[in-house]
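# Fold and contact review
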Amino acid sequence: MYETISAILSDSAEPADFEALPVPSEYRGVVVRRDETEMFDGMATADKDPHKSMHVQHVPTPVPGPGEALVAVMASAVNYNTVWSSIFEPMSTFGFLSRYGRTSAAAARHDLPYHVLGSDMAGVVLRTGPGVHHWKPGDRVVAHCLSVGLESPDGHDDSMLDPEQRIWGYETNFGGLAELCLVRANQLMPKPAHLTWEEAACSGLVNSTAYRQLVSRNGATMKQGDVVLIWGAAGGLGSYATQLALNGGAIPVCVVSSEAKAGLVRSMGAELVVNRAAEGYRFWQDTTTPDPREWKRLGAQIRDLTGGEDPDIVIEHPGRETFAASVYVARRGGSVVTCASTSGYQHTYDNRYLWMHLKRIVGSHFANYREAWAANRLIAKGMVHPTLSVVHPLEQAGEATREVHRNRHSGKVGVLGLAPEPGLGVTDPGLRALHLTEISRFQSIS
């Protein structure tokens with residue numbers, strides 16, 4: 001990989017130089033293995049350790065097929081789907097790969113005894129397959145994680161509705177936690193020039209997800225003045241939702257789990273903050289019994305903060321633990337936009353507060369290419385900023401994922417690929433200088 005890294009770090013390399021680079025026959029990737037999918041059987045979710053299931057190993061380099069690109073990965077990031085993959089919950093991702101592999105000969109390449117994880121990436125195009133015209137070797141890119149071929153009519157209004165849409169690096173192989181990755185060309189977007197590789201790599205999944213949830217017509221269609229309740233507002237998804245709310249003229253009410261995280265969201269400009277740990281919220285009396293008194297207590301605190309207003313929009317991703325409270329506190333006619341369910345998928349809520357108050361539950365899953373492109377454009381223009389907090393080498397991807405699993409992180413956790421060190425990749429230092437405080441805000445927090 002030495003020649004590849006040297007070309008990327010060079011200021012004088014041309015597209016022809018990248019086309020002439022030899023592509024290695026194998027590369028290092030962070031994998032889980034099919035023969036280890038039962039290693040955590042019988043253990044509680046909280047006790048499952050991604051560090052034990054995630055391995056860095058050499059794997060064969062795939063050849064890009066029609067509409068695909070092979071990319072040298074300079075940096076990637078950990079998402080919650082990395083946690084799910086690593087602990088084999090709610091199911092092993094090898095089931096996804098097997099089903100995908102049966103759809104075509106090209107897809108069969110993904111059905112392997114190992115799964116290269118990762119749904120974020122910043123890097124440089126090395127090779128493109130037949131039919132790729134917009135991207136060329138040497139292009140600096142980031143990737144969103146929607147893998148879709150759009151052969152069905154169902155996806156042509158919104159590609160997330162295509163029956164064959166998949167999340168790259170989770171439901172497909174050859175993901176971004178690696179030195180190389182294989183993507184569809186319609187996953188690629190320009191790398192923001194003022195960011196380092198690791199900063200650019202951390203926004204693709206969560207920023208696009210938050211954009212669809214909040215801004216898009218496929219989500220809540222947020223407008224100026226909307227009160228937006230954001231759970232986990234200092235975390236990966238929530239930190240971008242907070243910025244999008246502020247940027248769009250809404251009024252975020254940020255729920256966090258510590259005073260340090262409260263300080264982070266206040267430093268972004270959010271004025272209304274609920275520290276759920278300090279308040280001692282417990283939305284369940286026991287494992288089977290919700291506590292409506294706590295929903296009402298939260299609703300009263302939100303009204304105190306907003307001057308008597310309930311949330312127009314609730315950005316809901318914790319799932320089971322908080323969902324009933326979210327439905328209760330949303331205003332009459334408001335929307336609860338839900339994804340992820342990181343605390344559990346089986347939601348219990350009181351439907352009277354939904355149907356009698358004309359509220360909506362909107363399911364939202366990642367984003368289509370147009371939404372992801374729009375979200376990345378905000379990053380590139382310095383209107384929304386990466387919330388990278390810490391960076392690990394590829395060898396420590398398991399430890400990094402364990403930190404996310406145990407919620408010991410703020411913002412996004414980055415992982416270097418081929419980048420030899422953090423801080424590289426900036427080609428617009430002028431724009432960077434204008435926003436250095438915002439770009440660096442989360443990097444003093446571990």
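No experiment lies behind these values; they were computed from the predicted model shown.

On a plain count of helices and strands, the protein chain comes out with 17 helices and 18 strands. Compactness check: the protein chain gives a C-alpha radius of gyration of 21 Å against a globular reference of 22 Å for 446 residues, within 12% of the reference. Once the C-alpha set of the protein chain is aligned to its principal axes, its extents read approximately 65 × 50 × 40 Å. Sorting the 446 residues of the protein chain into buried and exposed places 58% on the buried side. Put simply, 73% of the contacts in the protein chain that link residues at least 6 apart link residues at least 24 apart. Summed over its atoms, the accessible surface of the protein chain is roughly 17900 Å², and 51% of this surface lies on carbon and sulfur atoms. Of the side-chain charges in the protein chain, 40 are positive and 48 negative, and the distance between the mean point of each set is 5 Å.

Of all 8 residues that make up helix 5 (residues 94–101), 6 are buried, and the element is covered over most of its length. Taken residue by residue, helix 5 has Phe94, Phe96, Leu97, Ser98, Tyr100 and Gly101 as its buried positions.

This part covers the nonpolar core. Of all hydrophobic cores here, the largest spans 96 residues; its most connected members are Val71, Met121, Leu188 and Val265. Tallying contributions element by element places strand 3 (residues 68–78) first for this core, with 8 residues. Look past the residues within four positions of valine 265 in its chain and what remains in contact with it is Ala233, Ala234, Cys254, Val256, Ala270 and Val273. Counting 22 residues, the second-largest nonpolar core is a separate cluster that includes Trp231, Trp295, Ala325 and Val327.

Moving on to the sheet that holds strand 4 (residues 114–116). Strand order in this open sheet of 3 strands is 2-1-4, and the pairing throughout is antiparallel. Both edges of this open sheet fall to strand 2 (55–60) and strand 4, since each of them pairs with a single strand only. Sheet twist, expressed as the mean angle between neighbouring strand axes with direction ignored, is 60°. Across 6 bridges, strand 1 (residues 26–33) lies against strand 2 in antiparallel orientation. Along strand 2, the bridge assignment pairs valine 30 with valine 56.

To continue, consider the packing of aromatic side chains. Considering all chains together, one arrives at 12 aromatic pairs under this definition. Residues tryptophan 84 and tyrosine 170 carry aromatic rings whose centres are separated by 6.2 Å and whose planes lie at 50° to one another, so their mutual orientation is tilted. With tryptophan 84 in helix 4 (residues 80–87) and tyrosine 170 in the loop between strand 8 (166–167) and strand 9 (180–184), this pair connects stretches of sequence that are 86 residues apart. Overall, the relative accessible area of 14% leaves tryptophan 84 in the buried class. What makes tyrosine 170 buried here is its relative accessible area of 10%. Look at tryptophan 295 and tyrosine 328: their rings are 6.1 Å apart centre to centre, the planes differ by 45°, and that puts the pair in the tilted class. With tryptophan 295 in helix 11 (residues 292–306) and tyrosine 328 in helix 12 (residues 323–329), this pair connects stretches of sequence that are 33 residues apart. For tyrosine 328, a relative accessible area of 22% puts it in the partly exposed group. Through a chain of ring-to-ring contacts, the aromatic side chains of Tyr80, Trp84, Phe96, Tyr170 and Tyr345 assemble into a single cluster.

The next subject is the sheet that holds strand 15 (residues 335–338). Sheets are built from strands paired through backbone hydrogen bonds, the pairs being either parallel or antiparallel. Read from one edge to the other, the open sheet built from 6 strands follows the order 13-12-11-14-15-16, with strand pairing classed as parallel. Of all the strands in the sheet, the pair left with one neighbour each is strand 13 (272–275) and strand 16 (360–363). Here the average twist between neighbouring strands, direction ignored, is 20°. Where strand 11 (residues 227–230) lies against strand 12 (residues 251–256), 4 bridges are found, and the strand directions are parallel. Bridge pairing in strand 12 links valine 227 to isoleucine 251. This element, helix 7 (residues 204–214), spans strand 11, strand 14 (313–316) and strand 15 of the sheet and lies at about 150° to strand 14.

Two elements in contact, helix 7 and helix 8 (residues 236–247), have axes separated by 8 Å at closest approach and are oriented at 50°. With respect to their mutual orientation, helix 7 and helix 8 come out oblique. When you trace helix 7 past helix 8, the crossing you get is right-handed. Contact residues: Val206, Asn207, Thr209, Ala210, Tyr211, Gln213 and Leu214 in helix 7; Gly236, Leu237, Tyr240, Ala241, Leu244 and Ala245 in helix 8.

This model, assessed by the stated rule, comprises 2 cavities of 30 Å³ or more. Within this model, the largest cavity holds a volume of roughly 80 Å³. Lining the largest cavity are Glu68, Tyr100, His110, Ser147, Trp168, Thr172, Leu182, Val183, Arg184 and Gln187. Per-class residue counts for the lining of the largest cavity are 4 nonpolar, 4 polar and 2 charged. The volume enclosed by the second largest cavity comes to roughly 60 Å³.

Scanning the model with the defined rule gives 24 salt bridges in all. Across the pair glutamate 89 and lysine 48 runs a salt bridge, and its minimum N-O distance is 2.6 Å. Residue glutamate 89 is located in the loop between helix 4 and helix 5, and its partner lysine 48 is located in the loop between strand 1 and helix 3 (50–53); the two are separated by 41 residues in the primary sequence. Each member of the pair, glutamate 89 as well as lysine 48, carries the same accessibility label: buried. Residue glutamate 164 is joined to arginine 166 by a salt bridge in which the shortest nitrogen-to-oxygen separation is 3.0 Å. Bridged by salt links that share partners, the residues Arg28, Glu179 and Glu395 form one connected network.

Looking at the element boundaries, asparagine 368 is found in the loop between strand 16 and helix 14 (369–380). On the accessibility criterion, asparagine 368 (9% relative accessible area) is buried. A polar contact of 3.0 Å, which involves the side chain of asparagine 368, links it to the side chain of aspartate 158. Polar contacts involving the side chain of asparagine 368 include one to the main-chain amide nitrogen of arginine 370, which spans 3.2 Å.

Conventions used here
- Residues numbered from 1 in each chain as written.
- Predicted model: local features only at pLDDT ≥ 70, side-chain atom pairs only at ≥ 80, totals over all residues.
- Heavy atoms only, no water.
- Helix = DSSP H or I, 4+ residues; strand = E, 2+ residues; numbered from the N terminus.
- Rg over C-alpha atoms; globule rule 2.2 N^0.38 Å.
- Buried < 20%, exposed > 50% of the residue type's maximum accessible area, 1.4 Å probe, protein only.
- Contact = heavy atoms within 4.5 Å.
- Areas by Shrake-Rupley, 256 points an atom, 1.4 Å probe, with all protein chains shown as cover.
- Lys, Arg positive; Asp, Glu negative; His and termini not counted.
- Charge placed at Lys NZ, Arg CZ, Asp CG, Glu CD.
- Core = buried A, V, L, I, M, F, W, Y, C linked by side-chain atoms within 4.5 Å.
- Pairing = 2+ DSSP bridges.
- Axes fitted to C-alpha atoms, helices over the stretch in contact; angles between N-to-C directions.
- Phe/Tyr/Trp six-rings, centres within 6.5 Å; stacked < 30°, edge-to-face > 60°.
- Parallel < 35°, antiparallel > 145°, perpendicular 65-115°, else oblique.
- Left-handed = near helix turned anticlockwise from the far one by under 90°.
- 1 Å grid on protein atoms, 1.4 Å probe; cavity = no way out; pocket = protein on both sides within 12 Å on 5 of 7 lines; lining within 4 Å.
- Points joined across faces, edges and corners; volume = space filled by probe spheres on them.
- Nonpolar A, V, L, I, M, F, W, Y, C, P; charged D, E, K, R; others polar.
- Salt bridge = Lys/Arg side-chain N within 4 Å of Asp/Glu carboxyl O.
- Polar contact = N/O pair within 3.5 Å; in protein donor to acceptor, adjacent residues only side chain to side chain.

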